[in-house]
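Each chain, written out:
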Amino acid sequence: MIINGMQSQVLFGKDAIASRVKQIASQINQDFHGQSLVIVGVLKGSFIFLADLLREIDLDVQTTFIQVKSYEGTASTGNIEIIQDIDADISDKEVLLVEDIVDTGLTVAAMLKHFTEKKPRSLKICSLLHKPDSQLNEIPIDYVGFSISKEFVIGYGLDLDGKFRQFPNILQLKSEVS
Ligand code: IMP
């Protein structure tokens, strides 16, 4: 399929995604066994992943959202803007940040700084996708669905200028088609 002049190919199909989401959830269930957890979904890209992950979590969990903006087109701007902050008090709580993808890591760095100031008891990061070759900092990602190369991906919540989030598979965009 050609998308915005780029060739695309399926990187992860919906069955592979579903089974990986179950594995991550079961790890989270084990790690936070007997504890309460606040899950913070980083909008917008995480909303489909979070919806699936959450339904596999069997902990005492409170869910809230933060909306940030960092990208235009397929390039990171490096400027992270908080469009809407969480509406929950996370002080002295176990917090899990749920991201769609960690690319340069600038968003996650800004999120860590932002949330650390709110004094949670613990703060962990879960990201469906991780591009280790693009990450500019050393922030460890506690739960990673899939590590991928630098190519741009769409689908399963990930967008290109607000589009293609509804695709059930994750597609990788290849070089321009003339
Ligand atoms: P970072 O700050 O560069 O780590 O980028 C994080 C944000 O950029 C993610 O939450 C996504 O919204 C967006 N992003 C980074 N790479 C991709 C991609 O390949 N496809 C879609 N969005 C991406």
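All values reported here derive from a predicted model rather than from experimental measurement. (Residues numbered from 1 in each chain as written. Predicted model: local features only at pLDDT ≥ 70, side-chain atom pairs only at ≥ 80, totals over all residues. Heavy atoms only, no water.)

Participant: Which residues make up the site of the ligand, and what are the values?
Facilitator: Close to the ligand lie 17 residues, the nearest being Asp100, Thr104, Thr107, Lys131 and Val153. Side-chain polar atom of threonine 107 to an oxygen atom of the ligand: 2.5 Å apart, as the coordinates give it. Coverage of the ligand by the protein amounts to 93% of the 490 Å² it exposes when considered alone. It is strand β6 (residues 94-102) that provides the largest number of residues to the shell around the ligand, a total of four residues. (Near = heavy atom within 4 Å. Polar contact = N/O pair within 3.5 Å; in protein donor to acceptor, adjacent residues only side chain to side chain. Areas by Shrake-Rupley, 256 points an atom, 1.4 Å probe, with all protein chains shown as cover. Helix = DSSP H or I, 4+ residues; strand = E, 2+ residues; numbered from the N terminus.)

Participant: Before we move on, could you go through unusual backbone geometry and cite the residues and values that matter?
Facilitator: With an omega dihedral of 5 degrees, the bond running from leucine 43 to lysine 44 counts as a cis peptide bond. Phi at phenylalanine 164 is positive, roughly 75 degrees, even though this residue is not glycine. Secondary-structure assignment places phenylalanine 164 in the loop between β9 (153-154) and β10 (170-176).

Participant: Explain helix α2 (residues 47-54) residue by residue, including any values.
Facilitator: Inspection of α2 places Phe49, Leu50 and Leu53 among the buried residues, and these make up the whole buried set. Buried residues of α2 fall within an arc of 95 degrees about the axis and therefore sit on the same side. (Buried < 20%, exposed > 50% of the residue type's maximum accessible area, 1.4 Å probe, protein only. Arc of directions from axis to C-beta.)

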